Amino acid sequence: MCIISRDTFFKIFGSGSFIGEGSGFMGSDLEPLISFSRVFRPKTIVEIGIQRGMTAKCLLENSPWIEKYIGIDVTPDHKTTLHIQQNEVPTIPGECVKDDSRVELIVRPHGSRELQPADLPKADLIFIDGDHSEEGVLFDTNLARQIIKKGGIICWHDYGNHLVPGVQTVIDQLNINEGDHICLIENGLLCFQFAI
Ligand SMILES: C[S@@+](CC[C@H](N)C(=O)[O-])C[C@H]1O[C@@H](n2cnc3c(N)ncnc32)[C@H](O)[C@@H]1O
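Residues numbered from 1 in each chain as written. Predicted model: local features only at pLDDT ≥ 70, side-chain atom pairs only at ≥ 80, totals over all residues. Heavy atoms only, no water.

- Named according to an unreviewed UniProt entry, the protein chain is Class I SAM-dependent methyltransferase originating from Fictibacillus fluitans.

Next up, the structure:
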């Protein structure tokens, strides 16, 4: 596993400071996403598992260059693959960003599992934070890899979170098979890969 220290990360990609509220789900992992946005100025972002939209709101408020933000989630009656994720299912997906004209919400009974690459635009930044089961992470990774633009970035949240070990299992396996292209930011749960 390639691990980059937070210090080195922010030296390379610049500050992740932001205005507005953060996201309870992300904690200090939000700052690297802000850094990526500030340095690469993504026009199109896809977030798989937008929940209420707290991370989306922060990214949108701090990134006037974003033109399109697609937020994907499930309907409130969805039974999550992992029981432990059931209480994360929002009553109103994307409610924090519903009035932002740049946002398009895709809410389906089975969320991203119902989507194919043709349902989504090519994206500059994709944030995978939905179904954290092994099948879910693998599915979302394959979906993301088919719509990421060359030079774009795919990020995964919750690597190393012992409550949802599937994220780490999948990423470790991908790294073994593919040669360590996915990198973890030290002292956090956020991983990233550049699409080349
Ligand atoms: C950890 S929360 C996401 C937090 C959010 N990304 C943020 O930073 O504020 C996980 C989300 O994934 C959603 N989810 C679960 N299974 C999903 C699926 N198959 N497709 C899309 N979203 C899913 C849940 O409903 C929940 O909103």
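Alright, that's what it looks like, and here's the rest.
1. Remarks on helix α5 (residues 166–178)
- Taking 1.5 Å of rise per residue, 13 residues should cover 18 Å, and α5 covers 18 Å from first to last C-alpha, within 8% of that figure.
- Taken together, the buried residues of α5 touch α4 (134–147), β6 (148–157) and β8 (190–194).
- Gly179 occupies a position one or two residues after α5 and carries a positive phi of about 95°. (Helix = DSSP H or I, 4+ residues; strand = E, 2+ residues; numbered from the N terminus. Expected span 1.5 Å × (residues − 1). Contact = heavy atoms within 4.5 Å.)

2. Observations regarding the sheet that holds strand β3 (residues 68–74)
- An order of β1-β7-β8-β6-β5-β2-β3-β4 is seen for the 8 strands of this open sheet, with the pairing classed as mixed. Each end of this open sheet is capped by a strand with a single partner; those strands are β1 (2–4) and β4 (103–108). Going across the sheet, the axis of each strand differs from the next one's by a mean of 20°, ignoring polarity.
- Note: strand β2 (residues 44–48) against strand β5 (residues 123–128), 4 bridges, orientation parallel. Opposite Val46, over in β5, you have Ile126 as the bridge partner. (Pairing = 2+ DSSP bridges. Axes fitted to C-alpha atoms, helices over the stretch in contact; angles between N-to-C directions.)

3. Some details on the site of the ligand
- In the vicinity of the ligand lie 21 residues, with Glu47, Gly49, Thr55, Asp73 and Asp129 positioned nearest.
- The side chain of Ser23 places a nitrogen or oxygen atom 3.5 Å from an oxygen atom of the ligand.
- Glu47 places a side-chain nitrogen or oxygen 2.6 Å from a nitrogen atom of the ligand.
- Expressed as a share of its isolated accessible area of 610 Å², the protein-covered part of the ligand is 99%.
- For the shell around the ligand, the class distribution of residues is 7 nonpolar, 9 polar and 5 charged. (Near = heavy atom within 4 Å. Polar contact = N/O pair within 3.5 Å; in protein donor to acceptor, adjacent residues only side chain to side chain. Areas by Shrake-Rupley, 256 points an atom, 1.4 Å probe, with all protein chains shown as cover. Nonpolar A, V, L, I, M, F, W, Y, C, P; charged D, E, K, R; others polar.)

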